[in-house]
Amino acid sequence: MFVDRATIHVKSGKGGDGRVSFLREAFRPLGGPDGGDGGTGGSVYLVADPQLHTLMDFRHKFDFSAEDGAMGGRKNCTGRDGKDVEVRLPVGTQIYSEQGLLADLSEADQRICVAEGGKGGKGNQHFTTSRNQAPRKATPGKPGQEHNLLLELRLMADVGLVGLPNAGKSTLLSVLTAARPKIAPYPFTTLSPNLGIVRPTEYSSFVLADLPGLIEGASDGKGLGYEFLRHVERTRVLLFLLDCTSPDPKADLKVLKAELKSWNPDLLKRPTLVVLSKTDMWPEGEKLPKGPWKHSISSATSTGIEELIEKLWKLLEDAPVPRVFREPDELPEAPGAASVQPEEDEWD
Ligand SMILES: Nc1nc2c(ncn2[C@@H]2O[C@H](COP(=O)(O)OP(=O)(O)OP(=O)(O)O)[C@@H](O)[C@H]2O)c(=O)[nH]1
Ligand SMILES: [Mg+2]
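Residues numbered from 1 in each chain as written. Chains lettered and ligands numbered in written order. Predicted model: local features only at pLDDT ≥ 70, side-chain atom pairs only at ≥ 80, totals over all residues.

Enquirer: Break down the overall build of the chain for me, citing the residues and quoting the values.
Expert: When its secondary structure is counted, the chain shows five helices and 15 strands. Scored against the burial criterion, the 348 residues of the chain give a buried share of 41%. Contacts in the chain between residues far apart in sequence, at least 24 positions, make up 70% of those at least 6 positions apart. (Helix = DSSP H or I, 4+ residues; strand = E, 2+ residues; numbered from the N terminus. Buried ≥ 20, exposed ≤ 12 C-beta atoms within 10 Å, placed from the backbone. Contact = placed C-beta atoms within 7 Å.)

Structure (structure tokens):
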């Protein structure tokens, strides 16, 4: 599972103080008390935003303070309320305070208040009694609340890259996103998932996961088998990447599908896109190998990359969010892999 964490400090505004004042008008020399109440302090809200996918932005901005309420005015006018602050978080963020789990933003547009603004104080208009018609008393505004919160996001990637080792998965991630995974001409370069954000347009985005290579026998724990398979369960669309220079890309696809199937047959019911990679290595003028692939790309020359993004975005439009079949701790221990990988991969 991909875990992203951040800590933020939230502070709501203090309530405005109540005012002490007296009505001064021509022909009313003894106007009564007219001190207004203080405004309420601004609150801090957390809002689940389906457009966001990471907590990365909170490494730079982590202080969120709402405005204080204004002091009460003359002529019984209540002071202005402090402005609220909204902190937008990806759907699926869990929020912990020092006391434990505070909330789980599991639905889009869910909104919770994490620091309520202080109430305004009362103006002297409220303190008139039969014996004191000119009270000089008002109450101060209540202080705001202040908390340190831990945010934790368990990410579900939208698209998972499935391929044999060396197929060019990490290279593709580096071309489609700002992520800079390790790339090397030998198998098993990628040991834990790398995530990147693809932006089809200025206002849309999806998460692409570059996963460790899959080999025959992975579902029995071969290679980085379990490492790979437990991550692929958390993706909505599968992108099968096949090296066109391989002796038999069709057979490669069969191996990949057979491994996914023996791990969890439902994986193959997910929307998939089969893509041939490294087409720049194919002799010029010769036809690419035939097979069940609908698209071909070269990460080296960027051929077919724009179209690939469009195709993935279309698939994602109707791809359901899959049920997570097994939690990571329910999975069998991966022989060998356990020593390479921690149970949870911090994403940094
Ligand atoms: N010519 C060419 N080489 C490529 C292309 N894509 C990847 N490569 C090369 O293929 C090799 C393997 O690439 P990676 O992106 O590390 O492959 P991977 O699928 O992530 O491999 P693992 O992490 O081991 O599973 C590297 O030497 C890349 O430079 C491509 O489009 N054209
Ligand atoms: Mg790789």
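Enquirer: A description of the site of ligand 1 should follow, citing residues and the corresponding values.
Expert: The environment of ligand 1 is made up of 24 residues, and the closest members are Gly168, Ser170, Thr171, Thr190 and Gly213. Here the shell around ligand 1 is built from residues that sort into 10 nonpolar, 11 polar and three charged. (Near = placed C-beta within 6 Å. Nonpolar A, V, L, I, M, F, W, Y, C, P; charged D, E, K, R; others polar.)

Enquirer: Can you tell me about the sheet that holds strand β7 (residues 111-115), naming the residues and giving the values?
Expert: Pairing is mixed in the open sheet, where three strands are placed in the order β4-β2-β7. Edge positions in the sheet fall to β4 (85-90) and β7, since each has one partner strand and no second. The sheet shows a mean angle of 30° between the axes of neighbouring strands, direction not considered. Relative to β7, strand β2 (residues 44-49) runs antiparallel, the two being bridged by four bridges. Within the sheet, the bridge partner assigned to valine 44 lies in β7 and is alanine 115. (Pairing = 2+ DSSP bridges. Axes fitted to C-alpha atoms, helices over the stretch in contact; angles between N-to-C directions.)

Enquirer: Break down the pairing of strand β10 (residues 194-201) for me, with residues and values.
Expert: Relative to strand β11 (residues 204-210), β10 runs antiparallel, the two being bridged by six bridges. Paired with leucine 195 across the bridge in β11 is alanine 209. Hairpin geometry of β10 and β11 is characterised by an intervening segment of two residues between the two adjacent antiparallel strands.

Enquirer: Go over the nonpolar core, please, and point to the residues and values.
Expert: One finds Val162, Leu208, Leu239 and Phe240 to be the most contacted residues of the largest nonpolar core, which totals 37 residues. If you list the elements that add at least two residues to this core, you get β9 (157-163), α1 (169-176), β10, β11, β12 (235-243), α3 (249-263), β13 (272-277) and α4 (305-317). With near-sequence residues (within four places) excluded, leucine 239 lies in contact with Val159, Gly160, Leu161, Val162, Leu273, Val275 and Leu312. If you look at the next biggest cluster of nonpolar residues, it comprises 19 residues, including Tyr45, Val87, Val114 and Leu149. (Core = buried A, V, L, I, M, F, W, Y, C linked by C-beta atoms within 7 Å.)

Enquirer: I'd like a description of the confidence of the model for the chain, backed by residues and values.
Expert: When pLDDT is averaged across the chain, the result is 84; 86% of the residues are at 70 or more. Below pLDDT 50 for its whole length, residues 324-348 participates in 36 contacts with residues either more than four positions away or in separate chains. (pLDDT = per-residue confidence, 0-100.)

Enquirer: A description of α3 should follow, citing residues and the corresponding values.
Expert: A rise of 1.5 Å per residue sets the reference length of α3, with its 15 residues, at 21 Å; its end C-alpha atoms lie 21 Å apart and thus fit the reference within 8%. Here α3 has its buried residues at Pro249, Asp252, Leu253, Leu256, Glu259, Leu260 and Trp263. Down the axis of α3, the sector holding all buried residues measures 130°, keeping them to one side. Seen from the open side of α3, the exposed residues pointing more than 90 degrees away from its buried face are Ala251 and Lys254. (Expected span 1.5 Å × (residues − 1). Arc of directions from axis to C-beta.)

Enquirer: Let's hear about the environment of alanine 167: which residues, and what values?
Expert: In this structure, alanine 167 sits in the loop between β9 and α1. Separated by 46 residues in sequence, alanine 167 and glycine 213 place their C-alpha atoms 8.1 Å apart. Discounting residues that sit within four places of it in the chain, alanine 167 has contacts with Leu241, Leu242, Asp243 and Ser277.

Enquirer: Kindly report on unusual backbone geometry, identifying the contributing residues and their values.
Expert: One non-glycine residue with positive phi stands out, namely asparagine 76, at about 60°. Topologically, asparagine 76 is positioned in the loop between β3 (63-65) and β4. With 18 C-beta atoms counted inside 10 Å, the residue asparagine 76 sits in the partly exposed group. Notably, asparagine 166 is not glycine yet its phi reads approximately 75°, a positive angle.

Enquirer: Any details on the pairing of β11? Residues and values, ideally.
Expert: Burial runs high along β11: five of the seven residues are buried. Note that β9 and β11 share three bridges and pair parallel. Considered in β11, the bridge of glycine 160 is made with alanine 209.

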